[in-house]
Amino acid sequence: MSNLTTRHDNVPLSHGAFRQRQWMALDRSGVVNLLAAALLTLLGTALATMLAGGVPAIGIDDAAITRSYSENIANGLGYVYNAGGEHVEGSTSFLWTMVVALIYRLTVTPEVTILLVTGLLTWLATYSALRLLRCLAERLGLSGQHATLALCVFLAASPAYFLWSVWTMMETALWSCMALLLISKLVRCVEAEEAAPGASVYAAAVALPLIRPEGIAVAVGLLALSALLDRGLRLRLGAAVLLALTAFAAVSLFRLSYFGQPFPNTFYAKVSSDRMQDIIDGSKYALSFVLGSPFVSVFVAAWSAAALWGLLGALRGQPGARGVVVAAAGVFGFLAVYAGLGGDHFAQWRFYQPIMPLLPAAFALGVALCLVRVCGAGVFRAPMLASGLLVVGIGWMQYYQSRFDITKEFDLTRDGLEFGTYLNGVTPLPSIGVGPAGGIALAYEGYIYDLLGLNWTEMAHANPVKTGMRNHASFDKATFWANRPDVLATFNRECLGDGKQVFWASNDDAFDGIFSDRRFRAEFVPVLFRQGADCWPGFAVPDWLDEISADSGVTTLTWDQIEIRE
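These remarks concern the structure in this document. Source: prediction; values computed, not measured. (Residues numbered from 1 in each chain as written. Predicted model: local features only at pLDDT ≥ 70, side-chain atom pairs only at ≥ 80, totals over all residues. Heavy atoms only, no water.)

1. What to know about the overall build of the chain
Helix and strand content of the chain: 24 helices and eight strands. Evaluated residue by residue, the chain yields a buried proportion of 56% over its 566 residues. The long-range share in the chain, meaning contacts at least 24 apart out of those at least 6 apart in sequence, stands at 75%. With an accessible surface of roughly 23,100 Å², the chain has 62% of that area assigned to carbon and sulfur atoms. (Helix = DSSP H or I, 4+ residues; strand = E, 2+ residues; numbered from the N terminus. Buried < 20%, exposed > 50% of the residue type's maximum accessible area, 1.4 Å probe, protein only. Contact = heavy atoms within 4.5 Å. Areas by Shrake-Rupley, 256 points an atom, 1.4 Å probe, with all protein chains shown as cover.)

Take a look at the structure:
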């Protein structure tokens with residue numbers, strides 16, 4: 001057991017040796033990793049948009065929600081969704097919201113700056129994964145060059161990571177950067193590659209709970225495991241745990257005092273109080289990721305074998321074993337956290353993208369082992385090249401096949417921006433109820449009710465047990481009628497222009513079938529909002545329609561012209 005809790009050489013690094021290793025950190029391999037990470041980030045970012053047929057530099061609708069909060073904060077309106085509205089946290093990531101708010105303070109057109117920041121963070125995340133892999137390869141007596149090359153091939157085959165990390169403008173880049181930084185640093189610490197945890201470990205420990213609430217579990221779990229593996233690090237890693245807990249307590253107290261609840265409102269809108277249902281849904285989500293995302297089943301199998309070897313090797317003091325255990329804990333920790341939280345509905349398994357740079361690492365080590373100890377370094381180069389090209393092709397093809405699911409998330413932002421800009425010209429401004437709540441919030445100056453509850457506390461808490469579409473099951477009819485908006489906007493649906501307006505039943509699922517509800521049909525009138533060639537369907541109350549009767553851009557329909565198709 002003593003081998004588990006002492007450093008491999010049982011001799012602390014001298015100050016001179018530590019300084020020497022600091023200088024060596026800037027050697028050629030470090031520069032190569034930085035350049036490789038930069039090239040991968042540029043390539044992956046370009047491929048992510050090219051293979052999807054082009055994505056606009058506006059982010060997805062959920063990111064637009066965060067941007068609306070950041071803009072309000074930057075303009076001195078407070079942490080609110082509606083100007084002058086309730087205090088509500090519909091942006092899950094507190095820290096990313098503040099980062100974007102700072103960008104809004106610098107410029108009123110922040111899109112390019114946000115993309116530059118997400119690109120930089122993605123580069124650093126990729127670099128951390130490459131550095132971690134090289135450390136493990138060298139500790140295991142393998143070729144760091146071969147392992148790194150294998151990892152680069154798998155990352156080049158993963159454009160979804162760069163889509164979610166860069167183009168969406170979500171907190172994914174910051175989340176990935178801090179998580180992989182912490183894992184990489186802890187691996188180097190337990191493998192005696194660094195004398196002690198540096199400032200970056202403490203920074204990551206503080207940042208993770210501020211990025212997402214589950215960050216406290218990631219930070220404390222990894223820090224505690226590393227302290228268990230190396231007794232010499234317990235004091236310093238204990239301090240990092242204390243910092244993480246302090247950061248989590250501070251943001252929780254702020255939420256309680258400002259919002260009246262300890263977690264973001266998105267948690268109450270998305271996560272059911274039926275914990276068993278969450279676990280069932282989350283397990284299905286994790287399984288679909290393992291079986292549906294290219295090569296992930298192989299990567300998980302590789303990490304399972306590596307974790308078993310690492311645990312046995314740590315007992316024997318095997319070089320590299322402790323680092324493998326820490327890295328494996330990061331992988332399986334992420335898989336378990338989001339399985340427990342119920343998963344997600346977005347394309348390409350958004351919740352698991354932050355660990356994608358680390359996921360192929362165990363398999364990459366296996367490739368390096370094969371090349372050095374089985375095949376020989378110079379044998380089978382042509383087959384390996386062909387295999388690499390095949391891997392990249394498979395990854396690109398799978399991503400290309402989901403391009404429509406990808407681009408529709410950006411379309412929601414664009415549709416909301418366009419409709420909100422149009423509606424600002426209608427007098428009087430109506431209160432509107434919406435499903436997609438991001439792009440519309442960036443453009444529209446009137447009051448918005450988020451009918452899915454992400455940005456509306458009362459709606460989020462109306463039904464604690466969520467049934468229906470994952471993450472979009474908070475709509476409550478009683479709450480809707482108690483706060484009836486002037487317009488129910490369905491700007492993300494097309495106008496048909498043939499005298500009929502069709503809604504698919506699946507369009508109505510998130511609203512609990514309200515389009516067919518007798519009371520709704522009695523109190524709302526189907527309408528078409530037109531501006532030039534643009535048209536958006538919706539529903540409006542007669543009182544507001546009477547006030548804008550002179551507006552030729554709003555056309556009323558009869559319910560006989562509305563068709564709900566199964």
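Moving on, there is more to tell.
2. Re the packing of aromatic side chains
Under the counting rule described, the total for this entry stands at 45 aromatic pairs. Ring plane angle 85° and centroid distance 5.8 Å describe the contact between F254 and F259, whose orientation is recorded as edge-to-face. Each ring, one from F289 and one from Y352, has its centre 4.7 Å from the other, and the planes form 35°; the classification is tilted. With F289 in helix α13 (residues 275–292) and Y352 in the loop between α15 (321–341) and α16 (361–375), this pair connects stretches of sequence that are 63 residues apart. Residues F289 and Y352 agree in their burial class; the two are buried. Taken together through their ring pairs, the aromatic side chains of W175, Y285, F289, F334, Y338, W349, F351 and Y352 make up a single cluster. Geometry around Y400 places R403 over its ring, the cationic atom sitting 3.8 Å from the centre. Positioned above the aromatic ring of W481, the side-chain terminus of R519 is 4.1 Å from the ring centre. (Phe/Tyr/Trp six-rings, centres within 6.5 Å; stacked < 30°, edge-to-face > 60°. Lys NZ or Arg CZ within 6 Å of the ring centre and 35° of its normal.)

3. A closer look at the state of the cysteines
Inspection of every chain in the model, using the stated rule, returns one disulfide. A sulfur-sulfur separation of 2.1 Å characterises the disulfide bridge that pairs C495 with C535. Where C495 bonds to C535 through sulfur, the torsion about that S-S bond is close to -80°, and the disulfide is left-handed. Taken together, the residues C495 in the loop between β3 (487–489) and β4 (501–504) and C535 in strand β6 (residues 534–540) connect sequence positions 40 residues apart. In this structure, C495 and C535 share a single accessibility class: buried. (Disulfide = S-S within 2.5 Å.)

4. A closer look at empty space enclosed by the protein
Counted under the stated rule, the structure contains four cavities of 30 Å³ or more. In this structure, the largest cavity encloses a volume near 150 Å³. Lining the largest cavity are 16 residues; nearest its centre among them are A157, S158, S293, P294 and M356. Those elements that provide at least two residues to the lining of the largest cavity are α7 (159–167) and α17 (381–401). Counted by class, the lining of the largest cavity contains ten nonpolar, six polar and no charged residues. Space inside the second largest cavity adds up to approximately 60 Å³. (1 Å grid on protein atoms, 1.4 Å probe; cavity = no way out; pocket = protein on both sides within 12 Å on 5 of 7 lines; lining within 4 Å. Points joined across faces, edges and corners; volume = space filled by probe spheres on them. Nonpolar A, V, L, I, M, F, W, Y, C, P; charged D, E, K, R; others polar.)

5. Notes on the environment of I211
The topology assignment puts I211 in helix α9 (residues 199–211). For I211, a relative accessible area of 0% gives the class buried. For the pair I211 and T92, spaced 119 residues apart in sequence, the C-alpha to C-alpha distance is 8.0 Å. Sequence-distant contacts of I211, that is, excluding residues within four places in its chain, are made with T92, S93, F94, L95, E171, L174, W175 and M178.

6. Here we look at the environment of I355
With respect to the helices, strands and loops of the structure, I355 is situated in the loop between α15 and α16. Exposure remark for I355: the relative accessible area of 0% places this residue in the buried category. As for I355 and A129, which are separated by 226 residues in sequence, their C-alpha atoms are 9.1 Å apart. Here I355 is in contact with V331 and F334, once residues within four sequence places are set aside.

7. With respect to the packing of helix α3 (residues 61–74) against helix α4 (residues 94–106)
Packing of α3 against α4 leaves a shortest axis separation of 8 Å and a crossing angle of 55°. The angle between α3 and α4 falls in the class oblique. You can see that α3 and α4 cross each other, and the crossing is right-handed. Where α3 approaches α4, its residues T66, R67, Y69, S70, E71, I73 and A74 are matched on the opposing element by W96, T97, M98, V100, A101, Y104 and R105. Within the contact of α3 with α4, the residues separate by chemical class into eight nonpolar, three polar and three charged. (Axes fitted to C-alpha atoms, helices over the stretch in contact; angles between N-to-C directions. Parallel < 35°, antiparallel > 145°, perpendicular 65-115°, else oblique. Left-handed = near helix turned anticlockwise from the far one by under 90°.)

8. Some details on helix α5 (residues 111–139)
Taking 1.5 Å as the rise per residue, α5 with 29 residues should run 42 Å; its terminal C-alpha atoms sit 42 Å apart, in good agreement. At the C-terminal side of α5, G141 shows a positive phi close to 75°. (Expected span 1.5 Å × (residues − 1).)

9. Some words on the pairing of strand β5 (residues 525–531)
Inspection of the sheet shows β5 paired to β6 by seven bridges, in the antiparallel sense. Along β6, the bridge assignment pairs R530 with C535. Counted along the chain from β5 to the antiparallel partner β6, the turn is two residues long, and its residue G532 has a positive phi close to 65°. Sheet analysis places β5 next to strand β7 (residues 554–556), joined by three bridges and oriented antiparallel. Each bridged residue has a counterpart across the sheet, and for L528 the counterpart in β7 is T555. (Pairing = 2+ DSSP bridges.)

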